[in-house]
Amino acid sequence: MAIEKFRKHPESGRTMHFLELDSVEDWPERVALPKSPHFVLFLALGGEELADDDVTALAERCLEQGMVYLSVWGPESERVHDLFEEAAAERDPDADADTVVLSEWHDEEPLSQAVLYAVSSAWPASAYEKTCAATLVVVVGNPDAADQVRGWLKAPSRLDAAAEDREDAVGVEEDDDEDSAGDGDDDDLDLDGDDEEEDEEEEEEDEDDDDDRDDD
């Protein structure tokens, strides 16, 4: 599956990317994010379905591909986090405060709030600040959550609103018969094109910014 590119988040300045996978076995052999050899990874998955060896193998691949910050969300996210942390320590046992791979987990926090923190506020150790210009948001094995997150990345204002409004967990076992807000209208998603004009304008601004940097 192809990695989708969205705009830069106004707070972090990092370009947001999205990848939906059926399982961790589908993880790509190569993660190429333009102008960003390193990246912040937000990983939403059900860790209870994964053996430790599978998680460790995934962690090693992500580290090889340039992950320098991990935020993991979902059932057993703490265990997934710990295994990633162990893999990072084994890969670079001499890492210090400037080079360590930072990480966090969210097992009870609403999906919207966890995603918002990753794309707007998470920041890697100082050694990677200049080379980490992207956030890769990955949802594994959850099409409903993937559609929701894709809509948020397309319209960050809706992500802000969802994170502010929601106090309960959402996304893992959401009832298909009910809308996500429970009010008959799913304001979190931008699947109807209402924000298309705004999106195009902001994407053009992002392209202009990239062109300016290339000229420099």
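Residues numbered from 1 in each chain as written. Predicted model: local features only at pLDDT ≥ 70, side-chain atom pairs only at ≥ 80, totals over all residues. Heavy atoms only, no water.

**Student:** Explanation requested: the overall build of the protein chain in the structure shown.
**Tutor:** Along its length, the protein chain carries six helices and six strands. Within the protein chain, the proportion of its 216 residues that are buried is 46%. Taking the contacts inside the protein chain whose residues are at least 6 apart along the sequence as the reference set, 79% of them involve residues at least 24 apart. Taken as a whole, the protein chain presents about 11,200 Å² of accessible surface, with 41% of it coming from carbon and sulfur. (Helix = DSSP H or I, 4+ residues; strand = E, 2+ residues; numbered from the N terminus. Buried < 20%, exposed > 50% of the residue type's maximum accessible area, 1.4 Å probe, protein only. Contact = heavy atoms within 4.5 Å. Areas by Shrake-Rupley, 256 points an atom, 1.4 Å probe, with all protein chains shown as cover.)

**Student:** What exactly am I supposed to notice about the pairing of strand S1 (residues 4–8) here?
**Tutor:** Residues in a regular strand project their side chains so that they alternate between the two faces of the sheet. In this sheet, strand S2 (residues 15–21) lies alongside S1 in antiparallel orientation, the contact comprising three bridges. Across the sheet, residue Lys8 finds its bridge partner in S2, namely Thr15. Linkage of S1 to S2, two consecutive antiparallel strands, is achieved through a turn of six residues, within which Gly13 is found at a positive phi near 75°. (Pairing = 2+ DSSP bridges.)

**Student:** Can you walk me through the confidence of the model for the protein chain in this structure?
**Tutor:** Should the pLDDT be low somewhere, the predicted coordinates at that spot are not to be read in detail. Summary statistics for the protein chain give a mean pLDDT of 84 and a share of 76% for residues scoring 70 or more. The model gives residues 167–199 a pLDDT under 50, and that stretch makes 52 contacts with residues more than four places away or in other chains. (pLDDT = per-residue confidence, 0-100.)

**Student:** Hey, could you run me through unusual backbone geometry in this one?
**Tutor:** Phi is mostly negative for residues that are not glycine, and the peptide bonds are mostly trans. The backbone phi angle of Lys35 is positive, close to 60°, even though this residue is not glycine. Note on placement: Lys35 falls in the loop between S2 and strand S3 (38–44).

**Student:** When you look at the pattern of salt bridges in this model, what are you seeing that I'm missing?
**Tutor:** A side chain of one charge can pair with a side chain of the opposite charge when the charged atoms of the two come close. Following the criterion strictly, the structure yields six salt bridges and no others. Of the charged contacts in the structure, one is a salt bridge between Glu29 and Arg61, with a shortest N-O distance of 3.3 Å. One end of the pair, Glu29, is in the loop between S2 and S3; the other, Arg61, is in helix H1 (residues 52–65), and 32 residues separate them in sequence. Here Arg61 falls in the partly exposed class, since its relative accessible area comes to 27%. (Salt bridge = Lys/Arg side-chain N within 4 Å of Asp/Glu carboxyl O.)

**Student:** Could you clarify how one ought to interpret the environment of Val138 in this entry?
**Tutor:** Here Val138 lies in strand S6 (residues 132–140). Taking the relative accessible area as the measure of exposure, Val138 reaches 0% and is therefore buried.

**Student:** Mind showing me how you'd approach helix H5 (residues 156–165) here?
**Tutor:** Since one α-helical turn is 3.6 residues long, residues separated by three or four positions face the same way. Pro156, Arg158, Leu159, Ala162 and Ala163 are the residues of H5 that are buried. Seen along its axis, H5 keeps its buried residues to an arc of 150°; they face one direction. Residues Glu164 and Asp165 are exposed on H5 and point more than 90 degrees away from its buried face. Contact partners of the buried residues in H5: S1, S2, helix H3 (111–120) and helix H4 (143–154). (Arc of directions from axis to C-beta.)

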